[in-house]
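Understanding the architecture of this molecule
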Amino acid sequence: MKALILVGGYGTRLRPLTFTIPKPLVDFCNKPLVLHQIEALAKVGVKHVILAVNYQPEVMVAQIKKYEEEYNIKITFSVESEPLGTAGPLAMAREHLTVDSNPFFVLNSDVVCEFPFAKLLEFHRAHGGEGTIMVTRVEDPSKFGVVLNKPSSSAIQRFVEKPKEFVGDCINAGIYIFNTTVLDRIELRPMSIETEVFPGMARDSQLHSLVLEGFWADVGQPKDFLTGTTLYLGSLRKKSPEMLAASADGIEIIGNVLIHPTATVGKGCKLGPDVVIGQNSVVGNGVRLNRTVVMPNATVKECAFVKSSIVGWHSSVGRWARLDNVSVLGEDVHVGDEYFVNGGSILPHKSVSKNIMEPQIVM
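Quick look at the structure, then. (Residues numbered from 1 in each chain as written. Predicted model: local features only at pLDDT ≥ 70, side-chain atom pairs only at ≥ 80, totals over all residues. Heavy atoms only, no water.)

1. Describing the sheet that holds strand E14 (residues 264-265)
- Pairing in this open sheet of six strands is parallel, and the strands run E14-E17-E19-E21-E24-E27 from one edge to the other. The open sheet is flanked by E14 and strand E27 (351-352), the only strands paired with a single partner. (Pairing = 2+ DSSP bridges. Helix = DSSP H or I, 4+ residues; strand = E, 2+ residues; numbered from the N terminus.)

Next up, the structure:
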């Protein structure tokens, strides 16, 4: 089987992290974001993954090709000379997707969930249509495009974009499976699968939906990255609790905390809930972390307090410093001792030597 991951472009919503590396390579719960998807695809028997890329393809190639042998999977890069949207990349990868008549998966690279690909494949084959969309239920569907099915059917009737009145609560989860015949509906040009392909498939009664069970998050911007981290750690608690840290050796763990084996954590720390500490990172004595991601090779010095924030690669937070309110440190950012950063987005290779009292970008 095959799969195409829509890696896309510049990752502007996740800046300043994506100033350093492409979004799919950003560490999410101590693993590159795209690797969560590749692992899940390999488990269901996918042998060929195509990555549709139009930004920094050389960086992607260098980092991702090494996983081919580890997961016994072929990884091909389909490089776009211009952004082709969410449908055009399928046409560009046609020669790879049509080597046989088996259906293929398509994923948005921003999405994290439990990736129930086996269930999706079984459901798709059972209904016999041309395509299946995974949908997820949300509390406020007015911010999204809502998927409406035909009465008592899995077949999709229509889509309603950002409804002002309640019509349903299921939205597109960004995970699909298609028969190869869907490629006859797609042209090699910038094209939207949501607005230019799906409506026609629905009119032809060829598009079905399957409700995604468990958590789902689009982690394409910092606040959602933190929310996705919380949901992922909650899933780990249910499925693989042994991967999470427990209080020991003078370190207090509250809720779900994931610590890389190579990280160093000092005495008297209070960590959690919803904290990830990355590879080779150092957390000093007496540090308090809450709903925070510490990226690999970062340092949080003694008695610092970090809440609802992301500490980027090779960055440091000074002694008694405080980060809060979705502050994000890009790579190699250094916050001095005792300074307060409130909602600051700090670009790479900067130093913070004064308090940042209001949310702002520091260039």
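This is not the end of the story, as more comes after the structure.
2. So, the environment of isoleucine 73
- Within the secondary structure, isoleucine 73 is located in the loop between helix H3 (67-71) and strand E3 (74-79).
- Take isoleucine 73: its relative accessible area is 5%, and that puts it in the buried class.
- Through-space distance from the C-alpha of isoleucine 73 to that of alanine 42 is 6.9 Å; in sequence the pair is 31 residues apart.
- Leaving out residues up to four positions away in the same chain, isoleucine 73 has contacts with Ala42, Val46, Lys47, His48, Val49, Tyr67 and Glu68. (Buried < 20%, exposed > 50% of the residue type's maximum accessible area, 1.4 Å probe, protein only. Contact = heavy atoms within 4.5 Å.)

3. Concerning helix H9 (residues 222-239)
- End to end, H9 covers 25 Å across 18 residues, agreeing with the expected 26 Å (1.5 Å per residue, within 8%).
- Listed as buried for H9 are Pro222, Phe225, Leu226, Gly228, Thr229, Tyr232, Leu233, Ser235 and Leu236. (Expected span 1.5 Å × (residues − 1).)

4. A look at the state of the cysteines
- This structure, assessed with the given rule, holds zero disulfides.
- The thiol of cysteine 113 is unpaired, and the distance to the nearest cysteine sulfur, on cysteine 29, comes to 13 Å. (Disulfide = S-S within 2.5 Å.)

5. Considerations on the pairing of strand E6 (residues 131-137)
- The element E6 is largely enclosed, with a buried count of six among its seven residues.
- For E6 and strand E9 (residues 170-178), the ladder comprises six bridges, and the chain directions are antiparallel. Residue valine 135 lies in a different strand from E9, and its bridge partner there is asparagine 172.
- Pairing between E6 and strand E10 (residues 207-211): five bridges, direction parallel. Each bridged residue has a counterpart across the sheet, and for valine 135 the counterpart in E10 is valine 211.

6. Some thoughts on the nonpolar core
- Leu41, Leu51, Ile64, Phe105 and Phe225 are the most contacted members of the largest nonpolar core, which totals 62 residues.
- The element that contributes the greatest number of residues to this core is helix H1 (residues 33-43), accounting for six residues.
- Within the second largest apolar cluster, 30 residues are counted, among which are Val283, Ala304, Ala321 and Val341. (Core = buried A, V, L, I, M, F, W, Y, C linked by side-chain atoms within 4.5 Å.)

In short, geometric facts, not functional conclusions.
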